[in-house]
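Examination of the molecular architecture
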Amino acid sequence: MNSRWSDGDAQGKSDLDLLVYASRLIGAETTLVVWGGGNTSIKQDERDHRGRPTRVLRVKGSGSDLKSIQKKDFPGVRMDDVLALLDRQDMGDQEMVDYLAHALQEPASPRPSIETLLHGFLPASAVIHTHADAVVSLTNNDRSRDVLREVYGDEVIALSYRRPGFLISREVATVFAAHPSARAILLEKHGTICWGASVKDAYEATIELISRAEEAIAHRAKGRTRFGGAAVVSPAAEARRRVALAVAPHVRGLVGKSRRQVLFFDDAPPVLEFAASREADALCRIGPATPDHTIFTKRLPCFAPVTDPSDPEAVRAGVTAAVERFVTDYTAYFEGHNTEGAKLTDPFPRVIVVGGLGLFAAGKDRRTAGIVDDIYHHTISVLGAATSFGGYVSLSAREAFDVEYWPLELYKLSLAPPEKELARRIALVTGGASGIGRAAAQRLAAEGAHVLQQIPFRMQELDGHGAGQRASAEGGAVHAWVDATCNPLGGEDGAKWQTARQRLGNGDYVREHAVVLVSKVASGAAEAALNLVEHEQRAALFGKARGEF
Ligand SMILES: [Zn+2]
């Protein structure tokens, strides 16, 4: 991993600006942190509300995302209050949250990270904590202590898994005090802690630590087949996509029984390699790469073995049986560990790995489904690397539950704006280029629906990629443009659809198309709508057509 630090860019910045700069560099590297994971801090001299000089910890606020973090997302916590806690033996989570609220420099600032004390108890001026794929690959296997010794000698300290909170922070303080020459602390099945006298030092220490892990992984991967090789033959890309489209409505129905979900289908090469492999089934029963993934993906994915991935009927049957099993197992997991009166929102999977086909990610909207998908990409990478060192290990069911239903993790989700009236719904609007159609599409998007606008090709060419981006920005929901005469389900029309997607610009945008394509087909509307379109050019077709969702 290369350092992205530029002394030119860093020049003239205050320490807090440097922290923002480094945090964004860390956040930009998705193999270090994804979607709200990880946190960073500095300690600096400030003045308190009475103008007295005060040492202050500036630490990431809970729920912020490092890649887009700003200065205001770093609440200040007074260090004398933090260090006073070193006298305690234990502290409850809520007590810790309440205590830290009293120690804030600005009372209205965001809640400081749940890992605040871990930063505060280390004496270094700058501290960076990541969930690096490469390092959790070294720790999430049953030979981890040997592996860490081989890679880092005695330069790092490894700590057994413990949920974030007071006790792990205390433990970090204690082991650091006993080994002050250590260069990093590794939290097994969780991530890294590096530090430095400056933000740059802490950043460079993180990059060096991860680079060494990556080298060890690359060395180990030489000549090795991941996941035990293929167990089933995957159909060619076009056939896979056709099967995925054919089964998507069924899958969406299966996982959306309590609350509607939007799906994202993914058959990128690493996903396909995993989904078709001999070891996928067993690896899908072990657990997440790092604890905070569970709030998006749940503890386990649902693996659906399929006899023939080119046959939609076989895939439908395989997924149905697998989801039923998942629901039974998940309900038992929930009931077996729920000692604190948590509520089961739904027992359905967020990740469905379909043997030989790819995976479906489910979420309340396209963005969330995309997050789930992203996280599972990283999980696959960790699974591949960790199993090259030994048997894959993860959190126990108890440990995973304690994070998945931990109020302090769930708090991050509660920061999201409330769902709009048409959230989780998918609308298809024909004649969407102008007039009533365009107005309807904008209104639906504004109310939270995912909208597929059908407009003629010639207008796409006039309007280009910018139109889609503008439409998305207007409504805050996903828009996609489809040629009014195009049937994306296959044949010549399928080829036209592909061309339309390619014309529409960059990879992200193509992915948006894929999502809407899958999920709108899942709504059951698309086929009907696409067939009807010639007869009802000006009609707006929603959900099951004719205004009904
Ligand atoms: Zn963490």
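So, here is what we can say about the structure in this document. The structure presented is a predicted model; accordingly, all values stated were derived computationally and were not measured.

Remarks on the packing of aromatic side chains
Per the stated rule, a full pass over the model turns up 13 aromatic pairs. For the ring pair Trp5 and Tyr21, a centre distance of 5.0 Å and an interplane angle of 70° mean the geometry is edge-to-face. In this pair, Trp5 is assigned in the segment before α1 (7–10) and Tyr21 in helix α2 (residues 15–28), connecting sequence segments 16 residues apart. The burial state of Trp5 is the same as that of Tyr21; both residues are buried. Put simply, the rings of Phe326, Tyr330, Tyr333, Phe334, Phe401 and Tyr405 pair up and form one aromatic cluster. Over the face of the ring belonging to Trp35 we find Lys67, whose NZ or CZ atom lies 3.8 Å from the ring centre. A cation over an aromatic ring shows up here: Lys298 above the ring of Tyr330, its NZ or CZ 4.2 Å from the ring centre.

A closer look at the side chain of Thr387
Among the structural elements, Thr387 can be located in the loop between α15 (366–386) and α16 (397–404). A relative accessible area of 15% means that Thr387 is categorised as buried. Side-chain polar atoms of Thr387 contact the backbone oxygen of Leu383, separated by 2.6 Å. Contacts of Thr387, omitting those with residues within four sequence positions, involve Arg224, Leu283 and Tyr392.

With respect to the coordination of the zinc ion
Only Glu115 (OE), His129 (NE2), His131 (NE2) and His190 (NE2) from the protein coordinate the zinc ion, and they sit 2.1 to 2.6 Å from it. What the four donor atoms of the zinc ion show is an angle range of 83 to 168° at the metal, which sorts the shape as irregular. Summarised as a motif, the one-chain spacing of the donors to the zinc ion is E-x13-H-x1-H-x58-H. The pair His129 / His131 is uniform in exposure class, with both members buried.

Brief notes about unusual backbone geometry
Even without glycine at this site, Phe227 takes up a positive phi of about 55°. Considering the arrangement of structural elements, one finds Phe227 in the loop between α9 (199–221) and α10 (237–255). The class for Phe227 is buried, based on a relative accessible area of 0%. The backbone of Lys298 shows a phi angle near 65°, a positive value even though the residue is not glycine.

Some words on the state of the cysteines
Counting across every chain of the model gives zero disulfides. No disulfide involves Cys284; its sulfur sits 8.5 Å from the nearest other cysteine sulfur, which is in Cys302. According to the relative accessible area criterion, Cys302 is buried, its value standing at 2%.

Examining the pattern of salt bridges
As enumerated under the stated definition, the model contains 31 salt bridges in all. Across the salt bridge formed by Arg4 and Glu29, the nearest N and O atoms sit 2.9 Å from each other. Of the two residues, Arg4 is situated in the segment before α1 and Glu29 in the loop between α2 and β1 (39–47); the sequence distance between them amounts to 25 residues. Between Glu419 and Arg424 there is a salt bridge, and its shortest N-O distance comes to 3.0 Å. One continuous salt-bridge network, built from bridges that share partners, spans Glu155, Arg183, Glu208 and Arg212.

Remarks on the sheet that holds strand β9 (residues 302–304)
Hydrogen bonding along the main chain pairs the strands of a sheet, whether they run parallel or antiparallel. The four strands lie next to each other as β8-β11-β10-β9, forming an open sheet whose pairing is mixed. Each edge of the open sheet is held by one strand with a lone partner, namely β8 (262–266) and β9. Strand-to-strand twist across the sheet, computed as the mean angle between neighbouring axes with direction ignored, equals 20°. Seen against the sheet, α10 touches β8, β10 (351–354) and β11 (358–363) and runs at an angle of roughly 145° to β8.

Section: the sheet that holds strand β5 (residues 156–159)
In spatial order, the strands read β3-β2-β1-β4-β7-β6-β5; together these seven strands make up an open sheet with mixed pairing. Two strands lie at the open edges of the sheet, namely β3 (76–78) and β5, each paired on one side alone. Within this sheet the neighbouring strands show an average axis-to-axis angle of 25°, counted without direction. Examined bridge by bridge, strand β2 (residues 53–59) and β3 share three bridges and lie antiparallel to one another. Among the inter-strand pairings, Val56 is bridged to a residue of β3, identified as Arg78. Sheet strands in contact with α2 are β1, β2 and β4 (126–130), and its direction is about 175° off that of β1.

The rules we used
Residues numbered from 1 in each chain as written. Predicted model: local features only at pLDDT ≥ 70, side-chain atom pairs only at ≥ 80, totals over all residues. Heavy atoms only, no water. Phe/Tyr/Trp six-rings, centres within 6.5 Å; stacked < 30°, edge-to-face > 60°. Helix = DSSP H or I, 4+ residues; strand = E, 2+ residues; numbered from the N terminus. Buried < 20%, exposed > 50% of the residue type's maximum accessible area, 1.4 Å probe, protein only. Lys NZ or Arg CZ within 6 Å of the ring centre and 35° of its normal. Polar contact = N/O pair within 3.5 Å; in protein donor to acceptor, adjacent residues only side chain to side chain. Contact = heavy atoms within 4.5 Å. Donors = N, O, S within 2.8 Å, 3.2 Å for Na, K, Ca; no water. Tetrahedral: all angles 85-135°; square planar, octahedral: opposite > 155°, others 65-115°. Disulfide = S-S within 2.5 Å. Salt bridge = Lys/Arg side-chain N within 4 Å of Asp/Glu carboxyl O. Pairing = 2+ DSSP bridges. Axes fitted to C-alpha atoms, helices over the stretch in contact; angles between N-to-C directions.

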